[in-house]
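Fold and contact review
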Amino acid sequence: MTRHQKRMLKQAAKQICLHILFIVICFVTLIPILYALSVSLNADNSLVSSDFRFIPKDFTLRNYVAVFTEEPVMLWFKNSMTLAVVTVVISLAAAIPAAYAFSRMRFKGRKPILKQLVLLYSFPSVLSMFAIYTLLRPLGLINSKAGLILIYTGTMAEFGLLNMKGYFDTIPREIEEAAEIDGASGIQLVTRIVLPLARPSILVTAVMILIYVWNEYLFATTFMTGAENYTLAAGLYSLQATEMSGSWPVFAAASLVVSLPILIVFFAVQRHMTSGLTAGGVKG
């Protein structure tokens, strides 16, 4: 066997071992999901048992039927969808022009402002909960979707600015200069040149904002009361608030059902995820 063949055989063995490792990691990651699926298909209201199996003995779909017939899941879905869509639209409307301005324009105080934004974003938003409550209460925005949207937008617009600013930095200025020479106006330059090139970053940012709002629990339960105002995260918790009255199979079924929209959106934009996330962190 030649040296080249030995090198190729060694590389092939490394690749096989790497693939096996990734398969094992994926399987370990899927265990909680498979466990929740098994519980949701189980006719018994039990979470753990000595004879646990991924394919339950008493197979049933009535837990999924109960999610839509016995619990107001669709109302919670509507509340979460409203909050998510409005937050995504407002956050992107504020973050895209701000990110482009910080990327392309040089103005006084630009770097200090960016440093302050990074510093503010490094602190968890829960630290400002009392201050936010104090500000929203006189405005009558407690127990209001508008108040919750204001909280989410304030957090995620800053995230969108920081993420997309790095991506705009990777777009060559020569492209814009060539478009200006061809007679493109400022609006045409942004809408026809920059935004199409920045589509991966915009899509990824929108998905990240959507996931954040969809899964957010602390602010939703603190500033919203009443089952009719619950988001999906708060509603799911109410299904299993106590171990005595809750139904684990229904809870597991509801958890899997409400995860499907996010999974569909994620897989739809998956091919943009790598470039949208990595390029956004290249330059500062």
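A quick note: this is a predicted structure, and the numbers were derived from the prediction, not measured.

1. Side note on the overall build of the chain
- The helix and strand inventory of the chain stands at 13 helices and zero strands.
- Sequence-ordered secondary structure for the chain, helices as α and strands as β, is α-α-α-α-α-α-α-α-α-α-α-α-α.
- Sequence-distant contacts, at least 24 apart, represent 73% of the contacts inside the chain between residues at least 6 apart.
- Within the structure as shown, the chain displays about 17,100 Å² of accessible surface, and the carbon and sulfur contribution to it stands at 69%.

2. Describing the nonpolar core
- Within the largest apolar cluster, 51 residues are counted, with the highest numbers of intra-cluster contacts made by Leu92, Leu148, Met164, Phe168, Phe219 and Phe223.
- Look past the residues within four positions of Phe168 in its chain and what remains in contact with it is Ile96, Ala99, Tyr100, Ser103, Arg104, Val194 and Ala198.

3. A short note on the side chain of Thr87
- In this structure, Thr87 sits in helix α3 (residues 73-104).
- In this structure Thr87 comes out as buried when scored by relative accessible area, which is 0%.
- Discounting residues that sit within four places of it in the chain, Thr87 has contacts with Ile149, Tyr152, Thr153, Ile209 and Val213.

4. Thoughts on a nonpolar patch on the surface
- Taken together, the side chains of Ile16, Ile20, Val24, Phe27, Val28, Leu30, Ile31, Ile33, Leu34 and Leu37 present a nonpolar region at the surface, about 860 Å² in accessible area.
- Take Ile20: it is sitting in helix α1 (residues 3-40).
- The exposure class of Ile20 is partly exposed, given its relative accessible area of 48%.

5. Focus: helix α12 (residues 248-268)
- For α12, spanning 21 residues, the distance from its first C-alpha to its last is 31 Å, which sits close to the expected 30 Å at 1.5 Å a residue.
- Approximately 30 degrees is the largest bend angle found in α12, and it occurs at Leu260, with the proline Pro261 only one to four residues beyond.
- Where α12 is concerned, the buried positions are Pro249, Val250, Ala252, Ala253, Ala254, Val257, Val258 and Ile262.
- As for α12, its buried residues are in contact with α1, α2 (62-69), α3, α9 (199-215) and α11 (232-239).

6. Things to note about the environment of Ile149
- Within the fold, Ile149 resides in helix α6 (residues 145-170).
- For Ile149, a relative accessible area of 12% puts it in the buried group.
- Put simply, Ile149 and Thr82 are 67 residues apart on the chain and 9.3 Å apart in space, counted from C-alpha to C-alpha.
- Setting aside residues up to four positions removed in sequence, Ile149 forms contacts with Leu83, Val86, Thr87 and Ile90.

7. Side note on the pattern of salt bridges
- Summed over all chains, the structure comprises one salt bridge.
- One salt bridge in this structure joins Lys165 and Asp169, with 2.9 Å as the shortest N-O distance. You can see Lys165 and its partner Asp169 sitting in helix α6, four residues apart, about one turn around the helix. Accessibility classification places Lys165 together with Asp169 in one group, the buried group.

8. As for the packing of helix α8 (residues 186-197) against α9
- Here α8 crosses α9 at 65 degrees, and the two axes come no closer than 4 Å. Touching Leu195, Pro196 and Leu197 of α8 are Arg199, Pro200 and Ile202, all from α9.
- Partitioned by chemical class, the residues of the contact of α8 with α9 number five nonpolar, no polar and one charged.

9. Here's the deal with a positive patch on the surface
- Where like charges cluster on the molecular surface, the positive patch consists of Arg106, Lys111, Lys115 and Arg173.
- Note that Arg106 resides in the loop between α3 and α4 (110-122).
- With relative accessibility at 57%, the residue Arg106 sits in the exposed group.

Rules used throughout
Residue indices follow the written sequence of each chain, beginning from 1 at its first position. The predicted origin of the model limits local features to residues at a pLDDT of at least 70 and limits the giving and counting of side-chain atom pairs to 80 or more, whereas totals for whole chains, interfaces and linings rest on all residues. As a rule here, side-chain values cover all heavy atoms of the structure and leave hydrogens and water aside. Segments assigned H or I by DSSP are reported as helices when at least four residues long, segments assigned E as strands when at least two residues long, and all are numbered from the N terminus. Note on definitions: a residue-residue contact is assigned when non-hydrogen atoms from the two residues lie within 4.5 Å. Computed by Shrake-Rupley with a 1.4 Å probe, the accessible areas treat only the displayed protein chains as cover when residues are assessed. Put simply, a nonpolar core is a bunch of buried Ala, Val, Leu, Ile, Met, Phe, Trp, Tyr and Cys residues held in one set by side-chain atoms that sit within 4.5 Å of each other. In this scheme, a residue with accessible area under 20% of its type's maximum is buried, one over 50% is exposed, and one in between is partly exposed, where area comes from a 1.4 Å probe on protein chains only. Candidate patch residues must exceed 30% relative accessible area and have no salt bridge, after which like charges are joined if within 9 Å and Val, Leu, Ile, Met, Phe, Trp or Tyr side chains if within 5 Å. Salt bridges are defined as contacts in which a side-chain nitrogen from Lys or Arg sits within 4 Å of a carboxyl oxygen from Asp or Glu. The length a helix should cover is 1.5 Å for every residue beyond the first. The angle between axes fitted to the seven-residue stretch ending at a residue and the seven-residue stretch beginning at it gives the bend at that residue. Each axis is a line fitted through C-alpha atoms, and for a helix only the stretch in contact is used; angles between axes span 0 to 180 degrees, taken between their N-to-C directions. Each residue is assigned to one of three groups, with Ala, Val, Leu, Ile, Met, Phe, Trp, Tyr, Cys and Pro labelled nonpolar, Asp, Glu, Lys and Arg labelled charged, and all others, Gly among them, labelled polar. Neither His nor the chain termini are counted; the positive set is Lys and Arg, and the negative set is Asp and Glu. Throughout, a charge is located at the NZ atom of Lys, the CZ atom of Arg, the CG atom of Asp or the CD atom of Glu.

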